[in-house]
Amino acid sequence: MKKILTIQDISCIGKCSLTVALPIISSMGIETAILPTAVLSTHTQFKGFTFHDLTGEIKPICEHWKSQKIEFDAIYTGYLGSFEQINLVSGIFDDFGKNILKFVDPAMGDNGVLYTGFDRAFAHEMAKLCAKADIIVPNLTEACFMLDIPYIDEGYSEDYVKDVLIKLIGLGCKKAVLTGICLTPGKLGIYGYNSENNEFFSYENDFVGGKYHGTGDIYSSVCVGALLNGMNLRKASALAADFVCESISATVNDENPITYGVHFEKAIPGLCERLAAFKSGN
Ligand code: PXL
């Protein structure tokens, strides 16, 4: 069985980071090892959240893994809480990441603003981690902060998106996918670039309503799970975008605020069916 290591926080409530990565990637038939970076009562978009930092655990955990000769087929990183954590993860890429997929979701912000506790300097540090990745999947906010370019909320052109992607590759990664891209009114999707074959690709769905929290983490989890199942990035991105859409559709009639995340659980059976169809060649 393929084994991935995912490095992100545990937000007890709010359906993001490890509480979505674990069930989604496991349901895709991939063993999901975790390195929790912090425990929070909720994610940081709630008021008054608690935060217990686990930075001090990272090195001892990795030393133990090394002593047991533990290896992974991929490393997937999400929300990281500090410069120190980014640097530790960079070391984990050196120690455990040779010749395996390194997938970085620089989860730092949305809608033109960085999450609580982050600033421009943090985004630049995250850009250094992206340089060591094979695939990065920022949204436009995260891309703009990492590249130090102005954020455009809407009305941008396809050429603009392509230019941002080329600049992201300039950071040093091989492939980049921008999430939450709107090039057609009423639609939302992804736009990617693979520098290995110089191919751009895009995929969009009808906007199903609501900019829910945690959808970036859900997208990344499905995408990385699909890649490990043998899909190429273009197909994996479309599958992940569809899954996010289905998860939102399963949530829109709920009275919970958008901070509580989406009911991705309801979309898992459909995901497994699509994966099985892919694996059997249909
Ligand atoms: O969904 C990204 C995310 C992950 N983890 C924590 C967060 C956020 C976004 O706000 O606060 C702790």
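This is a predicted model, so every value here is computed, not measured.

Asks: Go over the pairing of strand β4 (residues 74-77), please, and point to the residues and values.
Replies: The alternating pattern of β4 places Ala74 and Tyr76 on one face and Ile75 and Thr77 on the opposite face, and all of these are buried. Strand direction decides the pairing type here: strand β1 (residues 3-13) and β4, joined by four bridges, are parallel. Paired with Ile4 across the two strands is Ala74, which belongs to β4. The pairing of β4 with strand β5 (residues 101-104) spans four bridges and is classified as parallel. Each bridged residue has a counterpart across the sheet, and for Tyr76 the counterpart in β5 is Phe103.

Asks: Describe unusual backbone geometry, naming the residues involved and giving the relevant values.
Replies: Phi angles above zero are rare outside glycine, and Asp148 is one such case at about 60 degrees. By the element assignment, Asp148 lies in the loop between α5 (140-147) and α6 (158-169). Given the relative accessible area of 45%, Asp148 is considered partly exposed. Even without being a glycine, Asn198 presents a positive backbone phi close to 60 degrees. Considering the arrangement of structural elements, one finds Asn198 in the loop between β10 (187-194) and β11 (199-206).

Asks: Describe in detail the packing of aromatic side chains, supporting the description with residues and values.
Replies: For the coordinates displayed, the defined rule picks out eleven aromatic pairs. Ring geometry for Phe118 versus Phe122: centroids 4.1 Å apart, planes at 5 degrees, classification stacked. These aromatic residues form a ring-pair network of at least three members: Tyr79, Phe83, Phe118 and Phe122. Its end group placed over the ring of Phe200, Lys162 keeps NZ or CZ at 5.0 Å from the ring centre.

Asks: Describe the site of the ligand, and please don't skip the residues or the numbers.
Replies: Taken together, Asp9, Ser11, Cys16, Ser17, Leu40, His43, Thr44, Gln45, Tyr79, Tyr115, His213 and Asp217 are the residues near the ligand. Note that an oxygen atom of the ligand is positioned 2.6 Å from one of the side-chain N or O atoms of Thr44. Here an oxygen atom of the ligand and a side-chain polar atom of Asp217 are 2.8 Å apart. Protein chains bury 99% of the 310 Å² of accessible surface belonging to the ligand in isolation. For the shell around the ligand, a count of residues per class yields four nonpolar, six polar and two charged.

Asks: Any chance you could break down the packing of helix α1 (residues 18-27) against helix α9 (residues 268-279) for me, citing the residues and the numbers?
Replies: The geometry of α1 relative to α9 is characterised by a closest axis approach of 10 Å and an angle of 35 degrees between their N-to-C directions. On α9, the residues that touch Pro23, Ile24 and Ser27 of α1 are Ile268, Leu271 and Cys272. In the contact of α1 with α9, the residues fall into five nonpolar, one polar and no charged.

Asks: I'd love a proper account of the sheet that holds β1, names of residues and values included.
Replies: Judged by pairing direction, the sheet is mixed, and its nine strands sit side by side in the order β3-β2-β1-β4-β5-β8-β9-β10-β11 without closing on themselves. Edge positions in the sheet fall to β3 (51-53) and β11, since each has one partner strand and no second. With respect to the sheet, helix α3 (residues 83-96) is in contact with β1, β2 (31-42), β3, β4 and β5, its orientation differing from that of β4 by roughly 170 degrees.

So, how was this worked out
Residues numbered from 1 in each chain as written. Predicted model: local features only at pLDDT ≥ 70, side-chain atom pairs only at ≥ 80, totals over all residues. Heavy atoms only, no water. Buried < 20%, exposed > 50% of the residue type's maximum accessible area, 1.4 Å probe, protein only. Helix = DSSP H or I, 4+ residues; strand = E, 2+ residues; numbered from the N terminus. Pairing = 2+ DSSP bridges. Phe/Tyr/Trp six-rings, centres within 6.5 Å; stacked < 30°, edge-to-face > 60°. Lys NZ or Arg CZ within 6 Å of the ring centre and 35° of its normal. Near = heavy atom within 4 Å. Polar contact = N/O pair within 3.5 Å; in protein donor to acceptor, adjacent residues only side chain to side chain. Areas by Shrake-Rupley, 256 points an atom, 1.4 Å probe, with all protein chains shown as cover. Nonpolar A, V, L, I, M, F, W, Y, C, P; charged D, E, K, R; others polar. Axes fitted to C-alpha atoms, helices over the stretch in contact; angles between N-to-C directions. Contact = heavy atoms within 4.5 Å.

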